[in-house]
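Structural description and commentary
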Amino acid sequence: MKYFLSVICTILYLSAAAQHPAFKVIPLGVKGGMDESNLSAYLVAPQGSSNYLCLDAGTLHAGLQKAVRNGLFKKPAGDVLRQNVKAYFISHPHLDHVAGLIINSPDDTAKTIYGLPFCLDVINDKYFSWKSWANFADAGETPQLKKYHYSPMTPAEATPVAQTELSVQAFPLSHSAPFQSTAFLVRSKDAYLLYLGDTGADAIEGSDKLLQLWQRVAPLLKAKQLKAIFIEVSFPEEQPRKQLFGHLTPSLLMQEMHTLDSLSGSHGVKGLPVVITHIKPTGNNEAAIHKQLTNMNALHLRLIFPEQGKLLAF
């Protein structure tokens, strides 16, 4: 009887979420390498709003073009970038997470780039530097073109995003220690969406960064306020542990989800939408990861494999 009640509650929870979504998400890029036209970038807005923030910015224009072709916008991709994307939140400064921002900067409008200081320092020193690209920011080498403003975030401190109804908190992640990445917890009223940049598992990284993150979001999950988690699985199980370079495999993801489940109560993650990001498309990786995750899904997560330019609602 308890099992059937649990199933019914899960169905009702998912049905309610589908009928009254808090967020809309447009993936502009979903892969973790090779295809420069489809690298990590996700537009997020409250349901009913056309003002988006962009979580990472590996690919912008190509993803917006697909979104336009799919009917998600009724104006050219460049206009969407200039008018509807209000801010960037960058998890870490690897090229597959910032290339779209850099390349599109000449045609963009004034915006704020948010991130933890380690990330903004690299963008300032290595990218928006006249040695590698024009300095479109308001700090760093002169002359400064002052299109972008850097806004360093303080871990766990809520940051309201101008021209949107959203606020964001940043949490440090370990990405091939001692290097770092970031998780962003996006809030719209009483609903939350969690996006993780590249991350290794605590057990592999010798870290407790993910444990601290799960402890932070477990109460939100219990309260049914956490609407989705976006998290990477870059490699299939066949990848040697010594060659993960700060990334997850299906079994490592599931280990982390078991930790979150234990913190949020019995079957706390059941039915939770978990969006799988940053799959490296080399060889048969994508099919292998899909199959392995499905076979390992004893927690009954709602696994979602996003597609570029196709709307998601949570």
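Just above, that's the structure.
Just so it is clear, the structure is predicted and the values come from calculations on it, not from any experiment.

**As for the overall build of the protein chain**
Across its full length, the protein chain holds nine helices and 14 strands. Scaling as 2.2 N^0.38, a compact globule of 314 residues should have a C-alpha radius of gyration of about 20 Å, and the protein chain matches this with 19 Å. Taking the principal axes of the C-alpha coordinates as reference, the protein chain spans close to 70 × 45 × 40 Å. Across the 314 residues in the protein chain, those meeting the buried criterion constitute 57%. Residue pairs at least 24 apart in sequence account for 63% of intrachain contacts in the protein chain once pairs closer than 6 positions are excluded. With an accessible surface of roughly 13400 Å², the protein chain has 56% of that area assigned to carbon and sulfur atoms. In the protein chain, the 28 positive side-chain charges and the 25 negative ones have mean positions that sit 7 Å from each other.

**Some points on the packing of helix α7 (residues 209–222) against helix α8 (residues 250–264)**
At a minimum axis separation of 8 Å, α7 and α8 run at an interaxial angle of 50°. The angle between α7 and α8 places the two elements in the oblique class. The element α7 and its partner α8 pack so that their crossing is right-handed. The residues of α8 that touch α7, namely those facing L210, L211, W214, Q215, V217, A218, L221 and K222, are E256, M257, T259, L260, L263 and S264. By residue class, the composition of the contact of α7 with α8 is nine nonpolar, three polar and two charged.

**Quick notes on the packing of aromatic side chains**
Evaluated as defined, the whole model comprises ten aromatic pairs. Pairing Y42 with Y195 gives two aromatic rings, centres 5.7 Å apart and planes at 55°, and the pair type is tilted. On the criterion of sequence distance, the pair formed by Y42 in strand β2 (residues 41–46) and Y195 in strand β10 (residues 191–196) is long-range, its members being 153 residues apart. Where F89 meets Y114, the ring centres are 4.5 Å apart and the plane angle is 5°; that geometry is what we call stacked.

**As for the sheet that holds strand β14 (residues 312–313)**
The sheet built from seven strands is open, its strands ordered β6-β5-β4-β3-β2-β1-β14 with mixed pairing. With partners counted over all chains shown, the strands left at the sheet margins are β6 (148–152) and β14, one partner each. Looking at chain direction, strand β5 (residues 111–115) and β6 are connected through five bridges and run parallel. Opposite T112, over in β6, you have H149 as the bridge partner. Contacts from helix α5 (residues 117–127) reach β5 and β6, with the element oriented near 150° to β6.

**A word on the packing of α8 against helix α9 (residues 285–295)**
Running from N to C, α8 and α9 point in directions that differ by 35°, and their axes come no closer than 9 Å. The hand of the α8/α9 crossing is right-handed. Taken together, the residues of α9 that come into contact with α8 (itself represented by P250, L253 and M254) are I289, Q292 and L293. Residues belonging to the contact of α8 with α9 are distributed by class as follows: five nonpolar, one polar and no charged.

**Re the pattern of salt bridges**
Scanning the entire structure with this criterion turns up six salt bridges. Its salt-bridge partner being K111, residue D108 comes within 2.4 Å of it at the nearest N-O pair. K111 carries the same exposure label as D108, and that label is buried. The partner of R187 in a salt bridge is D190, with the nearest N and O atoms 3.5 Å apart.

**Concerning the nonpolar core**
Counting 37 residues, the largest nonpolar core has L194, L196, L213, W214, L226, I229 and L260 as the members making the most contacts within it. Here this core gets seven residues from one element, more than from any other, and that element is α7. With near-sequence residues (within four places) excluded, L196 lies in contact with L173, T182, A183, L210, L213, W214, I229, F230 and I231. Formed by 32 residues, the second largest nonpolar core is a distinct cluster that contains I26, A77, V80 and I113.

Rules of the game
For every chain, the first residue of its written sequence is number 1, and the numbers climb from 1 along that sequence. A pLDDT threshold of at least 70 governs which residues receive local features in this predicted model, and a stricter bar of 80 or more applies before side-chain atom pairs are shown or counted, although totals over entire chains, interfaces and linings include all residues. Side-chain measures here rest on the full set of heavy atoms in the structure, leaving out hydrogens and waters. Note on conventions: DSSP H or I runs of at least 4 residues are helices, E runs of at least 2 residues are strands, and numbering of each starts at the N terminus. Radius of gyration: C-alpha atoms only; globule rule: 2.2 Å multiplied by the number of residues to the exponent 0.38. Note on classification: 1.4 Å probe, protein chains only; a residue is buried when its accessible area is under 20% of the maximum for its type, exposed when over 50%, partly exposed between these limits. In what follows, a contact means two residues having at least one pair of non-hydrogen atoms within 4.5 Å. Areas reported as accessible are Shrake-Rupley estimates using a 1.4 Å probe. Residue values count occlusion only from the protein chains shown. Charged-residue counts in this description rest on Lys and Arg as positive and Asp and Glu as negative, His and the chain ends being excluded. To locate a charge, take atom NZ for lysine, CZ for arginine, CG for aspartate or CD for glutamate. Axis definition: a line fitted to C-alpha atoms, limited for helices to the stretch in contact. Angles are taken between N-to-C directions and run from 0 to 180 degrees. Each angle receives one of four descriptions, namely roughly parallel if under 35 degrees, roughly antiparallel if over 145, roughly perpendicular if within 65 to 115, and oblique otherwise. The handedness criterion is simple: a crossing whose near helix is rotated anticlockwise from the far helix by less than a right angle is left-handed, and one whose near helix is rotated clockwise is right-handed. When residue character is reported, Ala, Val, Leu, Ile, Met, Phe, Trp, Tyr, Cys and Pro are called nonpolar, Asp, Glu, Lys and Arg charged, and the others, Gly included, polar. Any two rings among Phe, Tyr and Trp, with Trp reduced to its six-membered ring, count as a pair given centres within 6.5 Å; such a pair is stacked if its planes are under 30 degrees apart, edge-to-face if over 60, and tilted if neither. Two strands qualify as a pair provided DSSP detects at least 2 bridges between them. Just to be clear on terms, a salt bridge is a Lys or Arg side-chain nitrogen sitting within 4 Å of an Asp or Glu carboxyl oxygen. The term nonpolar core refers to a set of buried residues drawn from Ala, Val, Leu, Ile, Met, Phe, Trp, Tyr and Cys, joined through side-chain atoms within 4.5 Å.

Function cannot be read off these values alone, since they describe shape.
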